[in-house]
Amino acid sequence: MTPLLTVEGLTMRFGGIAALERVGFTVSAGSITALIGPNGAGKTTVFNCLTGFYQATAGAITLQGPTGSLDLVAILGQPLRGSDFLDPVTLARRLFYKMFGGSHRVTRAGVARTFQNVRLFKEMTVMENLLVAQHLRVERNLLAGLLGTPGYRRAEQAAVARGLDWLQILGLRDAANRLAGELPYGDQRRLEIARALCTGPRLLCLDEPAAGLNPRETEALSDLILRLRTQHGLTILLIEHDMSLVMRVSDHVVVLDHGEVIARGTPQAVRQDPRVLTAYLGMEEEGGP
Amino acid sequence: MDLHIIGQQAVNGLILGSIYGLIAVGYTMVYGIIGMINFAHGEIYMVSAYLTAIFLALLTAFGLQSLPVVLFLTLLLTMAFTALYGWTVERLAYRPLRGSTRLAPWISAIGISLVLQNYVRISQGARNQGIPVLLEGKFRLQAAAGTVQITHVQVVIVLVALASMAVLTWIMHHTSLGRCCRATQQDRRMAELLGVDSGRIIATVFALGAAMAGVAGVLVTLNYGSFDFYIGFVTGIKAFTAAVLGGIGSLPGAMLGGVVLGLAESLFSGFVNTDYKDVFAFAILVLVLIWRPSGLLGRPEVEKV
């Protein structure tokens, strides 16, 4: 399978602390990849770098697109270096991203994410939450909106229809006109997934989607994740602590510990990897029998 | 205490209040979206008064005869140009400082306000400027012991102010852009992650707020006819007070705060003392902030991430 996402040498430092140290992995197109590891291993930091929430200190994140590959680190706008002035092409690209870059471009490239702690627009309705996510596709001209041109109306209707489709798939259709902040917790989590899907991503990043859900809801969630892959052709990268969910849905597992990748492979292989057991159970490598 | 004096002062207060409200909208929208007080906003209003005079003169020089057409075109042109001023100020003075300390853009705002004042003083002269009275005539209403006068300009002021507030509210609630403004206001990073270009949205908010100040500038100029390069300061402070009074960050709050402040000022000067009207206005602000720290329609502070 072809890789959709390639992460190479990803390093993230906060002051002197290295949260990630040369992390590398690939996500194949159409796969479900799980990112696991003990608390504080740097899983969410990887997500933050992927989605443009943080600017990585070093490394490359390459997303394969229909029109060639795209570096998700450069797109955020990097500081200029002296050597850039020798190469006009690089200089022009850097200047462009410095002026017009930003994390909204990562979303437009086809990466969407959810958060560990739900971040909905609580004072807007469920449908409005979904429409904001489709902003990049709708006619954005203020005058067109003010005058209600046919093109604008058609785009709005299409956006509402697409929003309703996703609500239907996630079983939230009846809640469309309620305020997002009033929904029960489980529904809020699903709404966040629906909103991420409305941006039209190719890669969907889910940060602990099962946190706080009961076993029955977790079961439904894993069905949903599998369905998104088979019926909607999405590639999914997820962080999860619930091992039964990970074992059930994922094709490929990447294990992080202290900001470094310590194992990768199929769920079965990873489960038996001694380094993974050490990281999780805290055994001394030398002290073992 | 005659009924007709109360009526007259209430009318005057309403006029003043709608002007304050129009300017306060700019403060409140900018605060809502980036949590910063745009101190240069009053100067934008001052610039719009000059623009009004310039466009009136230009349009008349081009031979336009019909007064309503001239006024309407002046309003549109002034709004467009003040919006451009607002956009430029954001682009030059605030955006480069985004992500630096919280204090930096505030200092920059004070700087921009000095720059705008002096730019107008040098280019237009320090003396009072004025336009002739364009709309004459008044309505007289019979009240108990006297009459209440409402000039035609005052009617125009209230109508135009109400219409522009209505359009702004409609934009915020029923267009794609308004939705993105509200989303950016609630959680800017999240909106960016959903593909909203927050830089563009912030610039648009500055332009919209400035356009509203432009409306206020046209209306005030039509009413009083005279202005100088320094009018932005006091009016800006008053409008800011109105925004805080109504609950900064809230759009209906800014409008309500403007009307409350305008009424308080003109009723106080009608019945007690003209010299101390500002004292009374600010005393009301202090009292409201003691009993309702988030303003009349504001919601309690929510922790912003």
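Please read all numbers here as calculations on a predicted model, not as lab measurements. (Residues numbered from 1 in each chain as written. Chains lettered and ligands numbered in written order. Predicted model: local features only at pLDDT ≥ 70, side-chain atom pairs only at ≥ 80, totals over all residues.)

Draft legend 1. Molecular detail of the overall build of chain B. Along chain B, the regular secondary structure elements total eleven helices and four strands. Whereas a compact globule of 305 residues would reach a radius of gyration of roughly 19 Å, chain B reaches 20 Å, a difference of no more than 12%. Dimensions of chain B, computed from C-alpha atoms along their principal axes, come out at roughly 60 × 55 × 40 Å. Considering chain B as a whole, with its 305 residues, one finds that 48% of them fall into the buried category. Put simply, 76% of the contacts in chain B that link residues at least 6 apart link residues at least 24 apart. (Helix = DSSP H or I, 4+ residues; strand = E, 2+ residues; numbered from the N terminus. Rg over C-alpha atoms; globule rule 2.2 N^0.38 Å. Buried ≥ 20, exposed ≤ 12 C-beta atoms within 10 Å, placed from the backbone. Contact = placed C-beta atoms within 7 Å.)

Draft legend 2. Examining the interface of chain B and chain A more closely. With 20 residues of chain B at the interface, the matching set in chain A holds 25 residues. It is helix 6 (residues 176-186) of chain B that provides the largest number of residues to the side of chain B that touches chain A, a total of seven residues. Grouping the constituent residues of the side of chain B that touches chain A by class yields nine nonpolar, five polar and six charged. (Nonpolar A, V, L, I, M, F, W, Y, C, P; charged D, E, K, R; others polar.)

Draft legend 3. Main features of the domain arrangement of chain A. By domain assignment, chain A separates into domain 1 (1-110 + 201-289) and domain 2 (119-200). Distance between the C-alpha centres of domain 1 of chain A and domain 2 of chain A: 27 Å. (Domains from an automatic or database assignment.)

Draft legend 4. Just the pairing of strand 5 (residues 68-71) of chain A, in detail. All names here are of chain A. For strand 4 (residues 58-65) and strand 5, the ladder comprises four bridges, and the chain directions are antiparallel. Across the sheet, residue glutamine 64 finds its bridge partner in strand 5, namely serine 69. The antiparallel hairpin formed by strand 4 and strand 5 contains two residues in its connecting segment. (Pairing = 2+ DSSP bridges.)

Draft legend 5. Spatial organisation of the sheet that holds strand 1 (residues 3-14) of chain A. Residues and elements named next belong to chain A. Ordered in space as 2-1-4-5, the four strands form an open sheet in which the pairing is antiparallel. At either margin of the open sheet sits one strand with a lone partner, and together these are strand 2 (17-28) and strand 5. Across the sheet, the mean angle separating the axes of adjacent strands is 20 degrees when strand polarity is ignored. Pairing geometry for strand 1 and strand 4, over five bridges, is antiparallel. Considered in strand 4, the bridge of glutamate 8 is made with alanine 60. (Axes fitted to C-alpha atoms, helices over the stretch in contact; angles between N-to-C directions.)

Draft legend 6. Looking closely at the packing of helix 6 (residues 150-170) of chain A against helix 7 (residues 185-198) of chain A. All names here are of chain A. Direction vectors running N to C along helix 6 and helix 7 enclose 140 degrees, while the axes themselves pass 10 Å from each other. Judged by the angle between their axes, helix 6 and helix 7 are oblique. Read as a crossing pair, helix 6 and helix 7 show a hand that is right-handed. On helix 7, the residues touching Arg162, Gly163, Trp166, Leu167 and Leu170 of helix 6 are Arg190, Ile193, Ala194, Leu197 and Cys198. Classifying every residue of the contact of helix 6 with helix 7 gives seven nonpolar, one polar and two charged. (Parallel < 35°, antiparallel > 145°, perpendicular 65-115°, else oblique. Left-handed = near helix turned anticlockwise from the far one by under 90°.)

Draft legend 7. View of the sheet that holds strand 9 (residues 252-257) of chain A. Residues and elements named next belong to chain A. Read from one edge to the other, the open sheet built from six strands follows the order 6-7-8-3-9-10, with strand pairing classed as mixed. On the outer flanks of this sheet lie strand 6 (111-113) and strand 10 (260-265), each paired with one strand and no other. Neighbour to neighbour, the strand axes of the sheet diverge by 20 degrees on average, direction disregarded. Against the sheet, helix 1 (residues 43-50) contacts strand 3 (32-36), strand 6, strand 7 (203-207), strand 8 (235-239) and strand 9, and its axis sits at roughly 145 degrees relative to strand 7.

Draft legend 8. Molecular detail of the nonpolar core. Ranked by internal contacts, the top residues of the largest apolar core, which has 159 residues, are Ala194 of chain A together with Val215, Ala216 and Leu219 of chain B. Top contributing element to this core by residue count: helix 8 (residues 198-224) of chain B, with 16 residues. Contact partners of alanine 216 of chain B, with chain neighbours within four places excluded, come to Ile19, Leu22, Ile23 and Tyr45 of chain B. (Core = buried A, V, L, I, M, F, W, Y, C linked by C-beta atoms within 7 Å.)

Draft legend 9. Molecular detail of the pairing of strand 7 of chain A. Residue and element names in this part refer to chain A. Counting buried residues in strand 7 gives five out of five residues, a clear majority hidden from the surface. Residues Leu203, Cys205 and Asp207 line one face of strand 7 and the alternating positions Leu204 and Leu206 line the opposite face, and both faces are buried. The sheet contact formed by strand 6 and strand 7 spans three bridges and is parallel. Counterpart to valine 111 in the pairing with strand 7 is leucine 203. Direction of pairing for strand 7 relative to strand 8: parallel, over a ladder of five bridges. Its bridge partner lying in strand 8, cysteine 205 is registered against leucine 237. Taking the sense of rotation as the criterion, the β-α-β connection linking strand 7, helix 8 (residues 215-232) and strand 8 turns out right-handed. (Right-handed = clockwise from strand over helix to strand, strands pointing away.)

Draft legend 10. Here's a closer look at the packing of helix 1 (residues 3-34) of chain B against helix 10 (residues 251-271) of chain B. Residue and element names in this part refer to chain B. The contact between helix 1 and helix 10 brings their axes to 6 Å, and the two run at 145 degrees. Along this stretch, helix 1 crosses helix 10, giving a crossing that reads as right-handed. In terms of residue class, the contact of helix 1 with helix 10 is made up of 14 nonpolar, 13 polar and one charged.

Draft legend 11. Here's a closer look at the environment of alanine 126 of chain B. Residue and element names in this part refer to chain B. For alanine 126, the location among the structural elements is in the loop between helix 4 (104-124) and strand 1 (129-130). Sequence separation between alanine 126 and phenylalanine 240 is 114 residues; the distance between their C-alpha atoms is 25 Å. In this view, alanine 126 contacts Arg121 and Phe229; residues no more than four positions away in its chain are not counted.

Draft legend 12. Highlighting the environment of leucine 71 of chain B. Residues and elements named next belong to chain B. Along the chain, leucine 71 turns up in helix 3 (residues 67-94). Exposure remark for leucine 71: the 20 C-beta atoms within 10 Å place this residue in the buried category. The spatial distance from the C-alpha of leucine 71 to the C-alpha of glycine 270 is 31 Å, given a sequence separation of 199 residues.

Draft legend 13. Representation of helix 7 of chain A in the model. Residues and elements named next belong to chain A. Under the 1.5 Å per step criterion, the end-to-end length of helix 7 is 20 Å for 14 residues, consistent within 8% with the ideal 20 Å. The element helix 7 is largely enclosed, with a buried count of eleven among its 14 residues. Among all positions in helix 7, only Gln188, Arg189, Arg190, Leu191, Glu192, Ile193, Ala194, Arg195, Ala196, Leu197 and Cys198 are buried. Glycine 200, located one to two residues past helix 7, shows a positive phi value of around 70 degrees. (Expected span 1.5 Å × (residues − 1).)

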